[in-house]
Amino acid sequence: MDTLLTSCAEAFRLLFSGDADTWEIVAISFRVSSLAILCAVPPALLIAFALAYGNFFGRRLLISMFNTFLSVPAVVIGLTLFILLSRQGPMGDFKLLFTQTAMGLGQFLLCLPILVCMVHVALQAADRAAWETARTLGASRLHAFFTVLYEIRFGLLAALLAGYGRIISEVGASMMLGGNIAHYTRNIPTAIALETSKGAFAEGIALGIVLLFLAFLVNALLQYAQGKGSINP
Amino acid sequence: MIESFHLGFSDIHKRYANNRVLEGAEIIISSHDCIVITGKNGAGKTTLLRIIAGLEKPGSGAIAFDHGAAEPWGRQRKRLLRSVMYLHQQPYMLAGSLQRNIDYAARLNPAIADRAASVARAIRWAGLDGLEAQSAASLSGGQKQRVALTRARLRDPHILLLDEPTANLDGESRARTLQMLREFRDSGTAIVIVSHDPDMFADLATQQLQLRERRIHGATNRNPDVVELDSVRQSKQR
């Protein structure tokens, strides 16, 4: 118990003293994960729209595939990309292994199915009349697309939070593809794993606190947005 | 005032899997028309409206604008979406206030110069003034119907399609809806109404049609459109 309390106290000291190493790890985590989700959102929205409103051969198979990808472990994504990006692999010439780009790529693939499936469900739950009303009022496809996105904004926000939560906290793919290189590819989860293995619990707890605080912050924002959007606030 | 136009649908077929909904349905819609279509549940009335609106692709058939030549479906759909407006049985209210719903329609019409004034005028026309800030989702059925018609007024379509527009409305809302539809028709907009209660629109209707056995049967009070339908058929062959 004493160890835990001492580690927690040390963790807060690290955070509030502005420890450069700790905050650098936090910055790397946010940079890579934010970029990964930003890149994943446009294709995910297009795929989700095609799956919800499209009528094409193989649509049901695609839905099943994306649902299956939801349960693929991060290490499997990491392993697959590791093989592709390693020097002997088909994408070895790009020299991406053990870079932030490789980590971002892994996180992109991890959050894409979450975004696709959750937005697809939100679109299916939404009234199709939203799209038709926009179109019949003279909206272009693009305008109608954004109109429907606004109609499902809470579902969209929930998808973004779930996707972001998945990638910012995953350790397997980041460890395999980034290599946990200090000051370069060491992010919050890989640093926690490393510090714990070294017995340096304080830094691990400090980083864990940052993750928890972030999770609380985004959920509080979501609650606030939903409260503002409700019919009877 | 809407310029004169004709829109012809000839030999329209539509099926969903093994369910044949329309087989050889034909209809001509011209400016100032008010066509009331009746039929049993599942007769294909809504499907017909959705095809006319360009929201549903017909299995086969010919569509002709002002007796012009047949065009690929993609182009036809674009023209239908541009000139036809479809109002769902339960009008869809976009998230937000009544004002946002009306303003949305005004934004999409490039012909509207002074948007704020047009929106205010349209809201007054529908008798919805004072409700601008109210959430559209919380409006009554009659008010939602009026919001939908107000959006249609700002959209200014050649053809207005309504799916059971007076279902579940009280007497006052019904009378107001009929008055608004009359104004649409008088301005040249063609109206096509699907209803189980054709008597409701007796004063308004220029044609009463029936959809049965997957075809449209006419009990029309205007000259038969044989010549016009022929020209639609010919446009398919051209």
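Residues numbered from 1 in each chain as written. Chains lettered and ligands numbered in written order. Predicted model: local features only at pLDDT ≥ 70, side-chain atom pairs only at ≥ 80, totals over all residues.

Colleague: I'd love a proper account of the overall build of chain B, names of residues and values included.
Modeller: What chain B contains, in helices and strands, is seven helices and nine strands. A compact globule built from 238 residues would reach a C-alpha radius of gyration of about 18 Å, and chain B, at 18 Å, matches this within 12%. Along the longest, intermediate and shortest principal axes, the C-alpha atoms of chain B span 55 × 35 × 35 Å. Evaluated residue by residue, chain B yields a buried proportion of 45% over its 238 residues. Taking the contacts inside chain B whose residues are at least 6 apart along the sequence as the reference set, 74% of them involve residues at least 24 apart. (Helix = DSSP H or I, 4+ residues; strand = E, 2+ residues; numbered from the N terminus. Rg over C-alpha atoms; globule rule 2.2 N^0.38 Å. Buried ≥ 20, exposed ≤ 12 C-beta atoms within 10 Å, placed from the backbone. Contact = placed C-beta atoms within 7 Å.)

Colleague: Just give me the short version of the overall build of chain A, but keep the residues and values in it.
Modeller: Summing up its helical and strand segments, chain A has eleven helices and zero strands in all. The secondary structure elements of chain A, listed N-terminal to C-terminal, are α-α-α-α-α-α-α-α-α-α-α. If you line up chain A on its principal axes, its C-alpha atoms span 65 × 55 × 25 Å. Going through the 233 residues of chain A one by one, you find that 38% of them count as buried. Taking the intrachain contacts of chain A between residues at least 6 apart in sequence as the baseline, contacts between residues at least 24 apart amount to 74%.

Colleague: Can you break down the packing of helix α3 (residues 59–69) of chain A against helix α5 (residues 100–125) of chain A residue by residue, with the values?
Modeller: Two numbers describe a pair of packed helices, the interaxial angle and the distance between the axes. All names here are of chain A. Where α3 contacts α5, the two axes come as close as 8 Å, and the packing angle between them is 125°. Comparing the axis directions of α3 and α5 gives the class oblique. You can see that α3 and α5 cross each other, and the crossing is left-handed. Contacts between α3 and α5 involve Phe66, Asn67 and Phe69 from the former and Pro113, Val116 and Cys117 from the latter. Of the residues belonging to the contact of α3 with α5, the class tally is five nonpolar, one polar and no charged. (Axes fitted to C-alpha atoms, helices over the stretch in contact; angles between N-to-C directions. Parallel < 35°, antiparallel > 145°, perpendicular 65-115°, else oblique. Left-handed = near helix turned anticlockwise from the far one by under 90°. Nonpolar A, V, L, I, M, F, W, Y, C, P; charged D, E, K, R; others polar.)

Colleague: How would you sum up helix α4 (residues 115–125) of chain B? Please name residues and give values.
Modeller: Residues and elements named next belong to chain B. What α4 keeps buried is the set Val119, Ala122 and Ile123. All buried residues of α4 fall inside an arc of 100° around its axis, so they share one side. Seen from the buried face of α4, the exposed residues on the opposite side, beyond 90 degrees, are Ala117 and Arg124. Lining the buried residues of α4 we find α3 (98–107) and α5 (141–155). One or two residues past the end of α4 sits Gly127, with phi positive at roughly 70°. (Arc of directions from axis to C-beta.)

Colleague: Describe the nonpolar core, and please don't skip the residues or the numbers.
Modeller: The biggest cluster of nonpolar side chains holds 127 residues, and the ones touching the most others in it are Cys111, Leu115 and Val119 of chain A together with Leu161 and Val192 of chain B. At 16 residues, the largest contribution of residues to this core is made by α5 of chain A. Setting aside chain neighbours within four positions, we find Val119 of chain A in contact with Ala44, Leu45, Ala48, Gly155, Leu156 and Ala159 of chain A. (Core = buried A, V, L, I, M, F, W, Y, C linked by C-beta atoms within 7 Å.)

Colleague: Now, about the environment of Pro110 of chain B: what can you tell me, with residues and values included?
Modeller: Position of Pro110 of chain B among the secondary structure elements: in the loop between α3 and α4. Along the chain, Pro110 of chain B and Gln208 of chain B lie 98 residues apart, while their C-alpha atoms are 35 Å from each other.

Colleague: Talk me through the packing of α3 of chain B against α4 of chain B; I want residue IDs and the actual numbers.
Modeller: All names here are of chain B. The geometry of α3 relative to α4 is characterised by a closest axis approach of 10 Å and an angle of 125° between their N-to-C directions. Judged by the angle between their axes, α3 and α4 are oblique. Between α3 and α4 lies a crossing whose hand is right-handed. Counting all contacts with α3, which are made through Ile102, Asp103, Ala106 and Arg107, the residues of α4 involved are Arg115, Ser118, Val119, Ala122 and Ile123.

Colleague: I'd like to hear about the environment of Asp203 of chain B, residue by residue, with values.
Modeller: All names here are of chain B. With respect to the helices and strands, the residue Asp203 is situated in the loop between β7 (190–194) and β8 (207–212). With 9 C-beta atoms counted inside 10 Å, the residue Asp203 sits in the exposed group. As a C-alpha pair, Asp203 and Asp156 span 47 residues in sequence and 23 Å in three-dimensional space.

Colleague: Account for the sheet that holds strand β1 (residues 6–16) of chain B, with residues named and values stated.
Modeller: Residue and element names in this part refer to chain B. With antiparallel pairing, the three strands of this open sheet are ordered in space as β2-β1-β4. Since the sheet does not close on itself, it has two edges, and those belong to β2 (19–30) and β4 (60–65), each with one partner. Each strand of the sheet is rotated relative to its neighbour by a mean of 15°, with strand direction disregarded. Pairing of β1 with β2, which is carried by nine bridges, proceeds in the antiparallel orientation. Across the sheet, residue His6 finds its bridge partner in β2, namely Ser30. (Pairing = 2+ DSSP bridges.)

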